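# Coordinate analysis (summary)
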Amino acid sequence: MKLYEYAIRRILLMGLVLLGLSLLMFYLTRGFLPPSFALAPYITPRMNSAEKLALAQSLGVATQSCPSFQAFSSYQPSCLVPVYEQYAGWLGNVLKGDWGLTLLPGIAGTQTTLSVFFSRFPFTAELAIMGAILTILIGIPLGIVSATHNNKLPDHLSRIVSLGGYSIPQFWFGYVLLIIFVLYVRVGGLGLLPGSGALATTCAICFRHPGTVSAATGAPILDGLLAGNLRYAWDSLVAMILPAITLSITSIGALTRIVRSSMLEVLRQDYMLLARSKGLTDRVVIYRQALRNALLPAVTVAGLLTAFLFGGVVVIEIVFDLPGVGYTSLQAVNVFDINFIELYVLVTALIIVVTNLAVDIIYAKLDPRIRY
Amino acid sequence: MTEIEPVTKVERSADLRYALHLFRQNPLVLVGLTLACGSIAVALLSPFLVNPNSWQITHPALKNCWNNGLFGWGNPNIAACPTVHALGTDSYGRDLLSMIVLAIPLDLQIAFEVVISAVVIGVVFGAIASYAGGIVDEVILRVTDIFLAVPGILLAIVFLVVFGKSIGILTAAVVVIWWPTYVRLVRSQVLSEKERPYVEGLRAMGAGRLRILFRHIVPNSIYPIMVQATLDIGSVILTISALTFIGLSPSPLLPELGNLASLGGQYFFTAPWLIVFPGLTILLISLGFNLLGDGLRDILDPRLRR
């Protein structure tokens, strides 16, 4: 099988996975929650029951033969549309980009789910990217040290760091950092302290320079750079440091362990012995020969790390009070905004499966031994 | 037969000695073993140490106070309790130490239930997938793909929203996000195991497919599953506490480590202990099982020997 055939097969499978997931999500949110939940974003207090019935029918939640809204709200069988029929209609709308209106407090019924989501998503993406950068910068060197000093003190120390990262509750780590930096180590001058004066808000990004930079993309660092306001970009970067460290702690642990074990595997190979017997120094052997081969397997976990980062943002954004999609998703959960929850889960899944696909294709390109 | 017996005994004791040697090389396993066994011991003794119903009784007058002569928080805003509370009181005026002691058995119980259910589901479906092959294998794999495409915590949030917040649903939601890993793990183990010569031998002897699968292949591939299960106890506790921390706890009073920490979320400036100690407990339990699992892998995984 050629690489492009493999890629096409994988893209088809990816579509299948997303379709399956959307079906699962739809059945959970529409099949198990009362059908009236789907109407909630569209209902205004002044609507009479005839208008409500017409609304339910136009949304495809109630049948055309349903006699009254009362009959619909009391779940009379003649009024209920089977979930699979609803799904077909929903899927059609979603593929056209219509994810319905949002039910989030303050903007319920006035904004589309898609616009709310994508106004807040860039912030989360920026946080996740910073987390990914930290993961790579810390995880890989730590894994190498651990493998080259197998079962010696540096290995034990990096094991503690990686297992600690793997075992630490992220919300706790975030608060401990806040407690340390807010209560004990006052570095407010640096601006590291998320609001050294105003403790009520930990979101320095949102309140430090109100209105100075227009939110062109929604990602504060990028906005600052685009507007040419370096001060704003720098402050946003600094304010993101604690959340990004907290977010990346688990993936640092995971990456360290993977790099360590694949490095150990490579160091045990015969060609390592050959390289040493040629008289190459340890440095060259490890960084030129072993590392390249050891990093290949580590690349394959990029999808897993993406999942860690995007799963972690919910908790991190709550601890640090950050205005991203993770925080918004909990608001959505509290008001049963099923449109938003569906969109959030499916976009996150899309990011993860696309990462996995990209990784596998790049991997096949990088490693000539792989045949499909 | 009697002549063969001593030989196996020698092999066993050599294996044991080698395992002990690895234990000595990696003292962290002992730390893990101590932490894991310690948390289980606290969980078992918990009903005798603390009145199991004390979490339902609130004392508004004692809200968020601290009285431990050994350590002060160096902050004038922190209120002093009239009596000694080793780890302070929470926002309902309950003794935080007692609440943590009550929370440990609950968290561990949920974690063990989740991991055992996930292992059972994983063994059944993983073994079927790898042994049946073909379309069955493909369908099971694609279903696990669906569950693995989403960060577990998001899927669990959806489950808790749809089915309501209770300890049972919480456990079920975490099982739903955990089983696919085990299906994959068992499947790959069985695939490599079923090519071994002894399987062919059994087949030649006329053993049935199910018998070969569940009596021979599965028990032979159990070590990696045991290691993964040990590692996952910690991860499951982290997931559960994260879920209850973000507000998906069945009751705000519930003595569950994540829920106890969430009570401190809005007071982290005036009552930092509310966050520090429940979180530290989660860290120690989770670290214990992770260190133990990591060490077990080194001992049980023959590829890492020498």
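Residues numbered from 1 in each chain as written. Chains lettered and ligands numbered in written order. Predicted model: local features only at pLDDT ≥ 70, side-chain atom pairs only at ≥ 80, totals over all residues.

### Focus on the overall build of chain B
Quick note on the threshold: Note on conventions: DSSP H or I runs of at least 4 residues are helices, E runs of at least 2 residues are strands, and numbering of each starts at the N terminus. Here a residue counts as buried when 20 or more other C-beta atoms fall within 10 Å of its C-beta, as exposed when 12 or fewer do, and as partly exposed in between; the C-beta atoms come from the backbone. Contacts are defined on C-beta atoms placed from the backbone: any two residues whose C-beta positions lie within 7 Å are in contact.
The helix and strand inventory of chain B stands at eleven helices and two strands. Scanning chain B from its N terminus toward the C terminus, one meets helices and strands in the order α-α-β-β-α-α-α-α-α-α-α-α-α. Referenced to the eigenvectors of the C-alpha coordinate spread, the extents of chain B come out at roughly 75 × 50 × 30 Å. Here chain B holds 306 residues, and the buried ones make up 46% of them. Sequence separation of at least 24 residues holds for 72% of the intrachain contacts in chain B that already meet a minimum separation of 6.

### Brief notes about the overall build of chain A
Counting its secondary structure elements, chain A contains 15 helices and zero strands. Nonlocal contacts in chain A, meaning residues at least 24 apart in sequence, comprise 66% of its contacts between residues at least 6 apart.

### Remarks on the nonpolar core
Applicable threshold: As used throughout, a nonpolar core is a set of buried Ala, Val, Leu, Ile, Met, Phe, Trp, Tyr and Cys residues joined through C-beta atoms within 7 Å of each other.
Formed by 175 residues in total, the largest nonpolar core has its most connected members in Trp-172 of chain A together with Ala-156, Val-158 and Val-174 of chain B. Element by element, the count of residues in this core is highest for helix H3 (residues 96–132) of chain B, at 19 residues. Aside from chain neighbours lying at most four places away, what touches Val-174 of chain B is Val-114, Ala-156, Val-236, Thr-239 and Ile-240 of chain B.

### Points about the confidence of the model for chain B
Put simply, the rule is: How sure the predictor is of each residue is captured by pLDDT, a score from 0 to 100.
Residues with a pLDDT of 70 or more make up 94% of chain B, whose mean pLDDT is 85. Across the whole predicted complex the pTM is 0.87, and at the interface the ipTM reaches 0.86.

### So, the interface of chain B and chain A
Rule in force here: Only Asp, Glu, Lys and Arg are considered charged, only Ala, Val, Leu, Ile, Met, Phe, Trp, Tyr, Cys and Pro nonpolar, and every remaining residue, Gly among them, polar.
Residue-level contacts link 39 residues of chain B with 44 residues of chain A. Elements with a minimum of two residues in the side of chain B that touches chain A: helix H4 (134–148), helix H5 (152–163), helix H9 (222–248) and helix H11 (273–300) of chain B. Top contributing element to the side of chain B that touches chain A by residue count: H11 of chain B, with ten residues. Here the side of chain B that touches chain A is composed, by residue class, of 26 nonpolar, ten polar and three charged.

### A closer look at the environment of Leu-91 of chain A
Summarising the element assignment, Leu-91 of chain A is placed in helix H4 (residues 83–95). For the pair Leu-91 of chain A and Ala-54 of chain A, spaced 37 residues apart in sequence, the C-alpha separation works out to 21 Å.

### Looking at helix H11 (residues 270–277) of chain A
For H11 of chain A, the tally of buried residues reaches only zero of eight residues, placing the bulk of the element at the surface. Residue Gly-279 of chain A follows H11 of chain A closely and has a positive phi angle near 95°.

### So, the packing of H3 of chain B against H11 of chain B
Residue and element names in this part refer to chain B. Selection criterion: All axes are obtained by fitting lines to C-alpha atoms, using only the stretch in contact for helices, and the reported angles, taken between N-to-C directions, cover 0 to 180 degrees. Each angle receives one of four descriptions, namely roughly parallel if under 35 degrees, roughly antiparallel if over 145, roughly perpendicular if within 65 to 115, and oblique otherwise. Crossing handedness is defined as follows: a turn of the near helix away from the far one that is anticlockwise and smaller than a right angle gives a left-handed crossing, while the clockwise case is right-handed.
One can describe the packing of H3 onto H11 by two numbers: an axis separation of 11 Å at closest approach and a directional angle of 30°. The angle between H3 and H11 places the two elements in the roughly parallel class. Read as a crossing pair, H3 and H11 show a hand that is right-handed. Contacts between H3 and H11 involve Leu-96, Ile-100 and Ile-104 from the first element and Trp-273, Phe-277, Pro-278 and Thr-281 from the second. Taken together, the residues of the contact of H3 with H11 break down into six nonpolar, one polar and no charged.

### Describing the confidence of the model for chain A
Detailed reading of predicted coordinates is not advised where the pLDDT is low. Predicted confidence across chain A gives a mean pLDDT of 82, with 90% of residues reaching 70 or more. Segment residues 188–207 of chain A is flagged for pLDDT under 50; beyond a separation of four residues in sequence, or across chains, it makes 39 contacts in the model.

### Here's the deal with the packing of helix H1 (residues 3–31) of chain A against H4 of chain A
Residues and elements named next belong to chain A. Closest axis-to-axis distance for the H1/H4 pair is 10 Å, and the angle between their directions is 120°. By the angle between their directions, the pair H1 and H4 is classed as oblique. Crossing geometry of H1 relative to H4 is assigned as right-handed. Note on element contacts: H4 touches H1 through Val-83, Gln-86, Tyr-87, Trp-90 and Leu-91, opposite Ser-22, Leu-23, Phe-26, Tyr-27, Arg-30 and Gly-31. Split by residue class, the contact of H1 with H4 holds seven nonpolar, three polar and one charged.

### What to know about unusual backbone geometry
A positive phi angle is found at Tyr-75 of chain A, which is not glycine, with a value near 55°. Judged by the 11 C-beta atoms lying within 10 Å of it, Tyr-75 of chain A falls in the exposed class. One non-glycine residue with positive phi stands out, namely Asn-64 of chain B, at about 45°. You can see Asn-64 of chain B is positioned in the loop between helix H2 (27–49) and strand E1 (65–66).

### Focus on the environment of Ala-7 of chain A
Mapped onto the secondary structure, Ala-7 of chain A falls in helix H1. The spacing of Ala-7 of chain A and Val-354 of chain A is 347 residues in sequence and 11 Å in space, taken between C-alpha atoms.

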